[in-house]
Amino acid sequence: MKQVSMLPAASLERPTWQGTEGSFWSTASKESSRQPHKCTWKQILPREREWKGPFYFIQGADPQFGLMKAWSTGNCDSGGDEWGQEIRLTEQAVQAVNKLKPRPRFFVLCGDLIHAMPGTPWRKEQTADLQRVLARVDSDIPLVLVSGNHDLGNAPTPETVAEFQQTWGDDYFSFWVGGVLCLVLNSQFWYDASRCPALKQAQDQWLDQQLSIAGQRECQHAIVFQHIPLFLQNIDEDDDYFNLTKSVRREVADKLVRAGVTAVFSGHYHRNAGGTYQNLDMVVSSAIGCQLGQDTHGLRVVVVTAEKIVHRYYSLDELSEKGIEDDLMGLMKEK
Ligand SMILES: [Zn+2]
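All of these numbers come straight from a predicted model, not from anything done at the bench.

K.L.:
Whenever I open this one, the nonpolar core confuses me. Can you help?
P.N.:
A general feature of soluble globular proteins is that nonpolar side chains tend to end up buried together. If you look at the biggest cluster of nonpolar residues, it comprises 77 residues, and the most contacted ones within it are Tyr56, Phe107, Leu230, Leu299, Val301 and Ile324. The residues touching leucine 299, leaving out its near neighbours within four places in the chain, are Ile58, Gln59, Gly60, Ala93, Val97, Phe107, Ile288, Arg312, Tyr313, Tyr314, Leu316 and Leu319. Judged by nonpolar contacts, the second largest core, of 22 residues, contains Phe57, Ala61, Cys182 and Ile223.

K.L.:
Looking at this structure, how should I read the coordination of the zinc ion?
P.N.:
Metal coordination angles in their ideal form are 109.5 degrees for the four-donor tetrahedron and 90 or 180 degrees for the six-donor octahedron. Within the protein, Asp112 (OD), Asn149 (OD1), His227 (NE2) and His268 (ND1) serve as the donor atoms for the zinc ion, at 2.1 to 2.2 Å. Taken together, the four donor atoms coordinating the zinc ion and their angles of 88 to 170° define a geometry best described as irregular. On the primary sequence, the residues serving as donors to the zinc ion are separated as D-x36-N-x77-H-x40-H. Residue aspartate 112 is found in the loop between β4 (107–109) and α4 (123–134), and its partner asparagine 149 is found in helix α5 (residues 149–152); the two are separated by 37 residues along the sequence.

K.L.:
Explain the packing of aromatic side chains here, please?
P.N.:
The geometry of an aromatic ring pair is captured by two quantities: the separation of the ring centres and the angle between the planes. Evaluation of the coordinates by the stated rule reveals 12 aromatic pairs. One Lys or Arg, arginine 271, reaches over the ring of phenylalanine 242 and ends 5.1 Å from the middle of that ring. For arginine 271, the ring lying beneath its charged end belongs to tyrosine 269, and the centroid distance is 4.0 Å.

K.L.:
Got a minute to help me understand the pattern of salt bridges in this structure?
P.N.:
Side chains that carry opposite charge are capable of pairing whenever their charged atoms lie near each other. What the rule picks out here adds up to 15 salt bridges. One salt bridge in this structure joins arginine 105 and glutamate 48, with 2.4 Å as the shortest N-O distance. One end of the pair, arginine 105, is in the loop between α3 (84–99) and β4; the other, glutamate 48, is in helix α1 (residues 45–48), with 57 residues separating them in the sequence. The buried category is assigned to glutamate 48, whose relative accessible area is 6%. Linking glutamate 82 and lysine 69 is a salt bridge whose minimum nitrogen-to-oxygen distance equals 3.3 Å. Here glutamate 82, found in the loop between α2 (67–73) and α3, pairs with lysine 69, found in helix α2; they are 13 residues apart in sequence, far enough to count as distant. Taking relative accessible area as the criterion, lysine 69 reaches 22% and is therefore assigned partly exposed.

K.L.:
Got a minute to help me understand unusual backbone geometry in this structure?
P.N.:
Glycine aside, residues mostly have negative phi, and peptide bonds are mostly found in the trans state. Residue proline 102 follows lysine 101 across a cis peptide bond; omega there is -5°. The backbone phi angle of glutamine 278 is positive, close to 50°, even though this residue is not glycine. Structurally, glutamine 278 is set in the loop between β10 (273–277) and β11 (280–284). Residue glutamine 278 is classed as exposed on the basis of its relative accessible area, which comes to 54%.

K.L.:
How do you make sense of the packing of α4 against helix α6 (residues 158–168) when you look at a structure like this?
P.N.:
Geometry of a packed helix pair, given as the angle between the helix axes and the separation of the axes. With their axes 12 Å apart at the nearest point, α4 and α6 run at an angle of 30° to one another. With respect to α6, the element α4 is oriented roughly parallel. Handedness of the α4/α6 crossing: right-handed. Residues Arg123, Thr127, Leu130, Gln131 and Leu134 of α4 pack against Glu163, Thr167 and Trp168 of α6. Counted by class, the contact of α4 with α6 contains three nonpolar, three polar and two charged residues.

K.L.:
Teacher, can you tell me more about helix α8 (residues 197–215) here?
P.N.:
Two residues of an α-helix separated by three or four positions point the same way, owing to the 3.6 residues in each turn. Between its terminal C-alpha atoms α8 stretches 26 Å, which fits the 27 Å expected from 19 residues at 1.5 Å a residue. Burial in α8 covers these residues: Gln203, Asp204, Trp206, Leu207, Gln210, Leu211 and Ala214. Buried-residue contacts for α8 involve β6 (173–177), β7 (180–184), α7 (188–191), β8 (221–225) and α9 (246–259). Backbone geometry just downstream of α8 places arginine 217 in the positive-phi region, at approximately 60°.

K.L.:
Please explain the sheet that holds β10 as it appears in this structure.
P.N.:
Sheet strands pair by backbone hydrogen bonding; their relative direction is either parallel or antiparallel. A sheet is described by the order of its strands in space; here six strands give the open sequence β6-β7-β8-β9-β11-β10, paired in mixed fashion. Across the chains shown, the open sheet's two edge strands, defined by having one partner strand only, are β6 and β10. For this sheet the average axis-to-axis angle between neighbouring strands, irrespective of direction, equals 15°. The sheet contacts of α8 involve β6, β7 and β8, and relative to β7 the element is tilted by about 165°. Of the strands in this sheet, β8, β9 (263–266), β10 and β11 touch α9, which is tilted by about 60° from β10.

K.L.:
Any chance you could explain the packing of α3 against α4 here in plain terms?
P.N.:
In contact at an axis separation of 9 Å, α3 and α4 are set at 25° when each is read in the N-to-C sense. One element, α3, and the other, α4, form an angle in the roughly parallel class. α4 is crossed by α3, and the crossing has right-handed handedness. Where α3 abuts α4, its residues Ile87, Thr90, Glu91 and Val94 lie against Asp129, Leu130, Arg132, Val133 and Leu134. Residue composition of the contact of α3 with α4, by class: five nonpolar, one polar and three charged.

K.L.:
Would you take a moment to explain α3 for this structure?
P.N.:
Compared with the 22 Å implied by 1.5 Å per residue over 16 residues, the 23 Å span of α3 between its first and last C-alpha is a close match. Every buried residue belonging to α3 is among Glu86, Ile87, Leu89, Thr90, Glu91, Ala93, Val94, Ala96, Val97 and Asn98, and all of these are buried. Each element contacted by the buried residues of α3 is listed here: β3 (55–60), α2, β4, α4, β12 (298–304) and α10 (316–322).

Cut-offs applied
- Residues numbered from 1 in each chain as written.
- Predicted model: local features only at pLDDT ≥ 70, side-chain atom pairs only at ≥ 80, totals over all residues.
- Heavy atoms only, no water.
- Core = buried A, V, L, I, M, F, W, Y, C linked by side-chain atoms within 4.5 Å.
- Buried < 20%, exposed > 50% of the residue type's maximum accessible area, 1.4 Å probe, protein only.
- Contact = heavy atoms within 4.5 Å.
- Donors = N, O, S within 2.8 Å, 3.2 Å for Na, K, Ca; no water.
- Tetrahedral: all angles 85-135°; square planar, octahedral: opposite > 155°, others 65-115°.
- Helix = DSSP H or I, 4+ residues; strand = E, 2+ residues; numbered from the N terminus.
- Phe/Tyr/Trp six-rings, centres within 6.5 Å; stacked < 30°, edge-to-face > 60°.
- Lys NZ or Arg CZ within 6 Å of the ring centre and 35° of its normal.
- Salt bridge = Lys/Arg side-chain N within 4 Å of Asp/Glu carboxyl O.
- Axes fitted to C-alpha atoms, helices over the stretch in contact; angles between N-to-C directions.
- Parallel < 35°, antiparallel > 145°, perpendicular 65-115°, else oblique.
- Left-handed = near helix turned anticlockwise from the far one by under 90°.
- Nonpolar A, V, L, I, M, F, W, Y, C, P; charged D, E, K, R; others polar.
- Expected span 1.5 Å × (residues − 1).
- Pairing = 2+ DSSP bridges.

Structure below.
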């Protein structure tokens, strides 16, 4: 069944960012024009560089419109012609986030926004439907979007990267929130950059620059968002579909650790997992959409205090019915 989009697709304004700061999505404040539009973090940058006390944000991953049907039919390559379940789940996620008090500082989606790969059927329709659902995120909660393998293709090309940028915004960028440096990365460049070596090189150079800022400890914390986890449990685990290869993961992890990055948030696994490597917390969050394990459809609440970053995964039902638990909220009161 073809899904019908209720609202016109989002404006395809090109990102203005050219390499130092990024763009993120916000939503129009007027009910009559609830279409997502991109803003730039440059506007809020000056007052966000300083630590002003604890805050929290929400992390989600893999709404992946279309995977549940594709998985159920065993045809993950060209299946996925329905995504009504993912629409309902993502609507529930958006409603749960909108209900939270106080407001999360931002809502980040760590990739695989939709299931249909570049150049395959249903991509346009899935994108339009997801944009319609995300347009309902409250206008004072910035929405940060990360690119996944289904968004860019397993081996991205300059064309698929450009398409992502036009549809969703930059594929890598940084922003500051309350004294915390946040780096959004395109992990496909570490998975297979054979068709876009120059783009990979550009991200690597940019990342080194950004990490030198983090390394000078000009931030309270530095954290990373990317789609594919560096590892699922252990830095020495074997390579598989869901992690980055051993040589890449070790090189990237060492670089992040040296710069003082303390957490990497990811998705892609459709299960909760994670582990630590030196001072780095590798966080793997299950999906808003299709589950491949025993976890529930859910979101992760991440509390950032002066000293630490504490996070907990909530099912969508739990988060929308009960909100965030007192112990986590208590951390927000610490000075
Ligand atoms: Zn993925």
